[in-house]
Amino acid sequence: MNEIILYNLFKEIIKNSYTLQGRFLMAEGYGNDLNNGNFDDVIKDALGGLQPQQIKYPLAILMPPFEQIRNFHYKFSSFRIDIFFLTEHQQLNNQFKDWNINTNAGERQIMEDWVEMRKVATQFKATLDKIIKEQVLSNKFHSIESTESIRRLSKMNNDRLNGVLLSFDMQIFLDCDTSDINPAVYSIDFDNLLFPPVAP
């Protein structure tokens, strides 16, 4: 349950971002859906029927997390979180985005998209850490210090998206629920496992 709470917290933070304005989706296809021709439909479905004429970028995309389990008796499990923060790049002239008709020159470069999306990503992470600390949520999940990294990205998928990939590790408290297992399993006759009865 704490894992679900964490994902919903991600959504709430992004909903309150002035830049992202709630544009957040989960890449259920391990990123394969980011590079296909119907990415517009993926975004529209994820954002609740977004119309084509509406703004769909910048947005954040959560990749399916990678979980590393120390052992099943240790209550905290380590999750690698990867979130893309992406904005659209319009190839108007070489690497420029905004075109000034007065000077006949581009005014915005790809690196500016990197800087803008890095700012959004780091503010997201700082807000997440602050909420966890102030709401005393560390018994449910907490960040692992010094695991954050940011990777710059350019011209992703058909929409030529620029931005960053924010990666960090978290520990999530997961209750070792064994309700899926019949308790009768603990009464197994191990002699029968080693020497199964011979069928008549």
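Residues numbered from 1 in each chain as written. Predicted model: local features only at pLDDT ≥ 70, side-chain atom pairs only at ≥ 80, totals over all residues. Heavy atoms only, no water.

Asks: Help me understand the nonpolar core in this model?
Replies: Generally speaking, a soluble globular protein has its nonpolar side chains buried in company with each other. Residues Phe10, Ile83, Phe85, Phe124, Leu128, Phe168 and Met170 are the most contacted members of the largest nonpolar core, which totals 27 residues. Mapped by element, the contributors of at least two residues to this core are α1 (2–15), β2 (59–62), β4 (76–88), α3 (110–134) and β9 (161–173). Not counting the four nearest positions on each side in its chain, Phe124 is found in contact with Phe10, Ile13, Ile14, Ile83, Phe85, Leu166 and Phe168. Membership of the second largest hydrophobic core comes to twelve residues, among which are Phe84, Leu86, Leu153 and Leu161. (Core = buried A, V, L, I, M, F, W, Y, C linked by side-chain atoms within 4.5 Å. Buried < 20%, exposed > 50% of the residue type's maximum accessible area, 1.4 Å probe, protein only. Helix = DSSP H or I, 4+ residues; strand = E, 2+ residues; numbered from the N terminus. Contact = heavy atoms within 4.5 Å.)

Asks: Help me out: how do you make sense of the layout of surface pockets in this one?
Replies: By rolling a water-sized probe across the atoms, one finds the places where empty space is left. Space inside the largest pocket adds up to approximately 230 Å³. The greatest single-element share of the lining of the largest pocket, amounting to five residues, is contributed by α3. For the lining of the largest pocket, the per-class residue count stands at six nonpolar, five polar and one charged. (1 Å grid on protein atoms, 1.4 Å probe; cavity = no way out; pocket = protein on both sides within 12 Å on 5 of 7 lines; lining within 4 Å. Points joined across faces, edges and corners; volume = space filled by probe spheres on them. Nonpolar A, V, L, I, M, F, W, Y, C, P; charged D, E, K, R; others polar.)

Asks: Mind showing me how you'd approach the pairing of β2 here?
Replies: In regular strands, side chains alternate between the two faces of the sheet. Residues Leu59 and Ile61 of β2 are buried on one face, and the alternating residues Ala60 and Leu62, pointing to the opposite face, are buried as well. Relative to β2, strand β1 (residues 24–26) runs parallel, the two sharing three bridges. Note on β2: the bridge partner recorded for Met26 is Leu62. When β2 meets β4, the two strands line up antiparallel, connected through four bridges. What sits directly across from Ile61, in β4, is Phe84. (Pairing = 2+ DSSP bridges.)

Asks: How should the environment of Ser138 be read in this particular structure?
Replies: Tracing the backbone through its elements, the reader meets Ser138 in the loop between α3 and β7 (141–143). For Ser138, a relative accessible area of 41% puts it in the partly exposed group. Sequence-wise, Ser138 and Phe173 are 35 residues apart; in three dimensions their C-alpha atoms are separated by 9.0 Å. Excluding residues that lie within four positions of it along the chain, Ser138 makes contacts with Phe76 and Ile132.

Asks: Help me understand a nonpolar patch on the surface, please; the structure alone is not making it clear to me.
Replies: Together, Ile181, Val185, Tyr186, Ile188 and Phe190 line one region of the surface with nonpolar side chains, adding up to about 520 Å² of accessible area. Structurally, Tyr186 is set in the loop between β9 and α4 (190–194). In this structure Tyr186 comes out as exposed when scored by relative accessible area, which is 66%. (Patch = residues over 30% accessible without salt bridge, like charges linked within 9 Å, V, L, I, M, F, W, Y side chains within 5 Å. Areas by Shrake-Rupley, 256 points an atom, 1.4 Å probe, with all protein chains shown as cover. Salt bridge = Lys/Arg side-chain N within 4 Å of Asp/Glu carboxyl O.)

Asks: Just checking my understanding: could you explain the packing of α1 against α3 for this structure?
Replies: When two helices pack together, their arrangement is captured by the angle between the axes and the distance separating the axes. In the contact formed by α1 and α3, the axes pass within 10 Å of each other and the chain directions differ by 125°. When the axes of α1 and α3 are compared, the pair comes out oblique. The two elements α1 and α3 meet at a crossing, and its hand is right-handed. Contacts from Leu6, Leu9, Phe10, Ile13 and Ile14 in α1 reach Phe124, Thr127, Leu128 and Ile131 in α3. Here the contact of α1 with α3 is composed, by residue class, of eight nonpolar, one polar and no charged. (Axes fitted to C-alpha atoms, helices over the stretch in contact; angles between N-to-C directions. Parallel < 35°, antiparallel > 145°, perpendicular 65-115°, else oblique. Left-handed = near helix turned anticlockwise from the far one by under 90°.)

Asks: Help me understand the pattern of salt bridges, please; the structure alone is not making it clear to me.
Replies: Pairing between side chains of opposite charge can happen when the charged atoms of each approach one another. Counting across every chain of the model gives five salt bridges. Its salt-bridge partner being Lys125, residue Asp129 comes within 2.8 Å of it at the nearest N-O pair. A residue pair is termed a helical-turn pair when its members lie 3 or 4 positions apart in one helix, as Asp129 and Lys125 do in helix α3 at four residues. Owing to a relative accessible area of 6%, Lys125 belongs among the buried residues under this scheme. Between Glu134 and Lys130 there is a salt bridge, and its shortest N-O distance comes to 4.0 Å. Of this pair, Glu134 and Lys130 both sit in helix α3, four residues apart, roughly one helical turn. Salt bridges linked by common partners bring Lys125, Asp129 and Glu148 together as one network.

Asks: What exactly am I supposed to notice about the packing of aromatic side chains here?
Replies: Both the distance between ring centres and the angle between the ring planes are used here to describe each pair of aromatic rings. Counted according to the given criterion, the structure contains four aromatic pairs. Consider the rings of Tyr7 and Phe10, whose centres lie 6.4 Å apart with planes at 50°: the pair is tilted. Placement of both Tyr7 and Phe10 in helix α1 is noted, with a separation of three residues, approximately one turn of the helix. Measuring from centroid to centroid gives 5.5 Å for Phe10 and Phe124, while their planes differ by 65°, and the two rings are edge-to-face. A residue pair is termed long-range when its members are at least 10 positions apart, and Phe10 in helix α1 and Phe124 in helix α3 qualify at 114 residues. Exposure class is identical for Phe10 and Phe124. Each is buried. Taking the ring centre of Phe168 as reference, the NZ or CZ of Lys125 above it sits at 5.0 Å. (Phe/Tyr/Trp six-rings, centres within 6.5 Å; stacked < 30°, edge-to-face > 60°. Lys NZ or Arg CZ within 6 Å of the ring centre and 35° of its normal.)

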